[in-house]
Structure formats: C-alpha cells, structure tokens
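# Topology and contacts: notes
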Amino acid sequence: MLIDRVAGMLTTRTTNTLDQALGWLQELTWADQLVICRMTAEKSQVKIEQVYNYSFNAQWVDIYIAENYANIDPVLKYATIQQGAFEWDFGKQRPNLYFPRKFAESAQDHGLRSGISFSVCSCAQARQFTLCSAGNVAPHRYSVSRDALSALVPAFQIVLEANRPLGKVNEIQLTDKERSVLAWLSKGKSVWDTSVILSVSESTIKFHQKNIYRKLGVSNRAHAIAKAVQCGLLETG
C-alpha cells in the first residue's frame with residue numbers, strides 16, 4: 001500500500017494523489033493533524049514559501065502565519081539542521097526543541113499537543129527544505145509513522161514542486177502594486193506608513209488594500225497575510 005501511494009504521486013504528480021496519500025497516512029498514524037510546508041533557511045530565519053494544510057486546525061495556521069511564528073518555531077529550525085524524522089512535544093522542553101511559552105500555549109489551545117515531523121532537503125545550495133508534520137500521533141504508532149514519512153515526504157516534495165504554488169493561486173492574481181502594499185502591511189506597517197514608504201496617498205493604499213481583500217476573499221489583514229502565504233503570494237520572515 002505504501003509503495004502504491006508513492007508510485008501514484010510520482011506518476012501523476014497531482015494534488016488528488018497527494019490528498020489520497022495524506023488520508024492514508026493519517027489513518028496509519030492515528031494523527032488528527034497533518035500539514036506540509038516548503039521553506040528556505042536564510043541565516044537565522046526560516047521563510048515559509050508554500051503550505052499544504054491537509055487537516056491542521058485552520059485557525060491555528062492563520063495565527064501561525066499572521067504572528068510570523070516561523071521565526072520562533074523550533075520544529076522548523078531543527079528541520080533545517082537535522083533531516084529525517086524527529087519527535088516533538090509542547091509539554092517536554094528539549095535542548096534543540098525549546099518552545100517559547102506563548103507559542104506553545106497558543107498551539108495547545110488549538111488542540112496541538114505533540115507529534116512527529118520529517119524533513120528533507122530539496123536543494124542544499126539554496127537551503128530549501130520540505131517538512132511534513134503529523135500532530136497528535138498515537139504513541140504506539142511512532143515507529144510506523146517514521147517509516148511511512150521517510151518514504152512519503154520525498155514524494156510530497158516532488159508533487160508540491162510540480163503544483164507550486166498551491167491554494168488556487170492561478171485564480172488569484174495580484175498586481176505588483178498590490179504585492180508591494182501587502183508586503184509592507186504584513187510587516188506591521190500602517191496604511192499611513194505604507195503610503196509614505198511607497199510615496200502615494202493613503203487613499204491609494206486603501207484602494208489597493210480593498211482590492212487585495214476582495215481577490216483573496218478575506219475581510220481583515222491577518223487573514224489576508226495567511227491566505228497570501230498559503231497561496232505562495234507572500235513570503236514570511
């Protein structure tokens with residue numbers, strides 16, 4: 001069955017076979033949350049370039065992206081140092097996996113307690129990695145989870161690359177001006193700050209902001225940032 005899942009993804013390279021493989025993985029591991037991300041390590045920062053959320057709490061993913069937790073998440077940082085499988089637990093601090101209190105409490109509030117992740121380096125020169133995390137894996141399924149992830153994650157990376165960016169990005173087209181406005185707003189700049197930086201009026205920034213929200217199908221800044229990152233329209237970091 002595992003071989004069939006890998007072969008299916010490598011043959012078709014579609015998100016449909018990716019979903020089927022993730023569904024099978026979730027049943028195998030008894031995990032209740034699964035997510036895949038592609039990221040780039042730059043000095044001390046980690047930039048998330050692509051997110052494929054299969055069953056992680058959607059609200060937690062939005063908060064994670066909006067709060068830029070990628071830069072303090074020890075799971076992501078560890079994944080860029082040590083490839084392969086590793087376990088993590090918000091209730092157990094470890095030297096290489098120390099969770100900041102606010103981050104850990106927020107994750108636990110959204111039902112995430114522990115899990116297992118598997119990282120592969122997709123491009124050593126560019127420091128690019130693909131990571132799959134399974135949350136709340138049943139303790140007696142850790143061994144089989146490691147084996148399954150070691151076979152599946154390299155295939156996940158190939159499918160993600162073939163479908164980059166995901167999240168119906170082809171249906172979402174932001175202009176260069178809108179991307180620039182969104183980039184500054186994602187850094188916490190106000191409408192006025194952004195207007196000064198881009199040397200335009202506040203009404204112009206508000207006009208672009210309104211169009212950004214409409215195109216992304218969101219109603220506030222946090223959701224706009226989260227949706228843009230998930231669709232590959234905005235980098236974190």
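What comes next concerns the included structure. As the structure is a computational prediction, the values presented were derived from the model and not from experiment.

## A short note on the overall build of the protein chain
- Of regular secondary structure, the protein chain possesses ten helices and five strands.
- Taken over the C-alpha trace, the protein chain has a radius of gyration of 18 Å; the compact-globule value for 237 residues is 18 Å, and the two agree within 12%.
- Relative to its full complement of 237 residues, the protein chain shows a buried share of 47%.
- By sequence separation, contacts in the protein chain at least 24 residues apart represent 65% of the contacts at least 6 residues apart.
- Carbon together with sulfur atoms contributes 50% to the accessible area of the protein chain, which is approximately 11,600 Å² in total.
- Across the protein chain, the 26 positively charged side chains and the 21 negatively charged ones have centroids separated by 4 Å.

## Some remarks on unusual backbone geometry
- Even without being glycine, R13 reaches a positive phi, approximately 55°.
- Residue position: R13 is located in the loop between helix 1 (2-12) and helix 2 (15-29).
- The phi torsion at S199 lies on the positive side, around 55°, for a residue other than glycine.
- Among the residues examined, S199 registers a relative accessible area of 66% and is labelled exposed.

## What to know about empty space enclosed by the protein
- Counting across every chain of the model gives one cavity of 30 Å³ or more.
- What the largest cavity holds in volume is close to 290 Å³.
- Taken together, 19 residues form the lining of the largest cavity, with V35, F56, Y64, D73 and L76 sitting closest to its centre.
- Where the lining of the largest cavity is concerned, the elements lending two or more residues are strand 1 (33-42), strand 2 (45-53), helix 3 (58-66), helix 4 (74-79) and strand 5 (128-135).

## Examining the pairing of strand 2
- Bridge count for strand 1 against strand 2 is eight bridges, and the pairing is antiparallel. Across the sheet, E42 pairs through a bridge with Q45, a residue of strand 2.
- The antiparallel pairing of strand 1 with strand 2 creates a hairpin that spans two residues between the two strands, and K43 there sits at a positive phi of about 55°.

## A short note on the packing of helix 7 (residues 176-186) against helix 9 (residues 202-216)
- Where helix 7 contacts helix 9, the two axes come as close as 9 Å, and the packing angle between them is 95°. Between helix 7 and helix 9, the interaxial angle falls into the category roughly perpendicular. Where helix 7 abuts helix 9, its residues K177, E178, V181, L182 and L185 lie against I205, H208, Q209, N211, I212 and K215.
- Its residues assigned to classes, the contact of helix 7 with helix 9 shows five nonpolar, three polar and three charged.

Parameters at a glance
Residues numbered from 1 in each chain as written. Predicted model: local features only at pLDDT ≥ 70, side-chain atom pairs only at ≥ 80, totals over all residues. Heavy atoms only, no water. Helix = DSSP H or I, 4+ residues; strand = E, 2+ residues; numbered from the N terminus. Rg over C-alpha atoms; globule rule 2.2 N^0.38 Å. Buried < 20%, exposed > 50% of the residue type's maximum accessible area, 1.4 Å probe, protein only. Contact = heavy atoms within 4.5 Å. Areas by Shrake-Rupley, 256 points an atom, 1.4 Å probe, with all protein chains shown as cover. Lys, Arg positive; Asp, Glu negative; His and termini not counted. Charge placed at Lys NZ, Arg CZ, Asp CG, Glu CD. 1 Å grid on protein atoms, 1.4 Å probe; cavity = no way out; pocket = protein on both sides within 12 Å on 5 of 7 lines; lining within 4 Å. Points joined across faces, edges and corners; volume = space filled by probe spheres on them. Pairing = 2+ DSSP bridges. Axes fitted to C-alpha atoms, helices over the stretch in contact; angles between N-to-C directions. Parallel < 35°, antiparallel > 145°, perpendicular 65-115°, else oblique. Nonpolar A, V, L, I, M, F, W, Y, C, P; charged D, E, K, R; others polar.

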